Amino acid sequence: MSIMKSVYVFAKAQVSAFSGGMLDYGTMILCTELLHIHYTISIAIGGVVGAVANFSINRYWTFNANSAHKTPVGDQLTKFIFVVAGSIALKSSGTWLLTNWLHLDYKITRIMVDIIVSLSFNYVLQKYWVFKKTAPELKTPQKEEINA
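Since we're looking at a predicted model, the values are computed, not measured.

On to the packing of aromatic side chains, then. Any two aromatic rings considered together are summarised by their centre-to-centre distance and by the angle between their planes. Scanning the entire structure with this criterion turns up six aromatic pairs. An angle of 50° between the planes, with centres 6.4 Å apart, marks the rings of Phe80 and Phe131 as tilted. Of this pair, Phe80 sits in helix 3 (residues 73-102) while Phe131 sits in the loop between helix 4 (106-130) and helix 5 (143-147), and the two are 51 residues apart along the sequence. The pair Phe80 / Phe131 is uniform in exposure class, with both members buried. Here the aromatic cluster, defined as three or more aromatic residues joined through ring pairs, consists of Phe55, Phe63, Phe80 and Phe131. Positioned over the ring face of Tyr60 is Arg59, at 5.4 Å from the centre of the ring.

This is the structure:
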């Protein structure tokens, strides 16, 4: 993959992450501030909401992983669920740790943690595992063709 194409895919992934992240972050604020749910639980709820949007955008736009020669959607979704679960765990625990250690508002520490998790965990696993492009199957010569 060329450098320009890699930069283009990375930029598209960041647009997707920002879109899903806004839904995620907004849901977290709504659950915490209006529904009085602890912010670590609100992060999990928001993570699920944001993940739905993020999966769709990444599959169809960012990584263009929906054609016939790609991994089936069920396989991608299974892998994506594992990534989301890890991401939610990292975001919840990281936000809790930074909030308690730095004595900052959870809304600020959440953004700090989101940037780190998004770039070092989510993007890498989505690009190279969840939406990894597979080469089309090559036909192997039959035994008769080899002996001919």
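Taken together, the side chains of Trp96, Leu97, Trp101, Leu102, Leu104, Ile108 and Met112 make up a nonpolar region of the molecular surface, amounting to roughly 680 Å² of accessible area. Of all elements in the fold, only helix 3 and helix 4 reach the threshold of two or more residues within the nonpolar patch. For the nonpolar patch, the leading source of residues is helix 3, giving four residues. Looking at where Trp101 falls in the secondary structure, it is placed in helix 3. On the accessibility criterion, Trp101 (63% relative accessible area) is exposed.

About the criteria used
- Residues numbered from 1 in each chain as written.
- Predicted model: local features only at pLDDT ≥ 70, side-chain atom pairs only at ≥ 80, totals over all residues.
- Heavy atoms only, no water.
- Phe/Tyr/Trp six-rings, centres within 6.5 Å; stacked < 30°, edge-to-face > 60°.
- Helix = DSSP H or I, 4+ residues; strand = E, 2+ residues; numbered from the N terminus.
- Buried < 20%, exposed > 50% of the residue type's maximum accessible area, 1.4 Å probe, protein only.
- Lys NZ or Arg CZ within 6 Å of the ring centre and 35° of its normal.
- Patch = residues over 30% accessible without salt bridge, like charges linked within 9 Å, V, L, I, M, F, W, Y side chains within 5 Å.
- Areas by Shrake-Rupley, 256 points an atom, 1.4 Å probe, with all protein chains shown as cover.
- Salt bridge = Lys/Arg side-chain N within 4 Å of Asp/Glu carboxyl O.

Read these as geometric descriptors, not functional statements.
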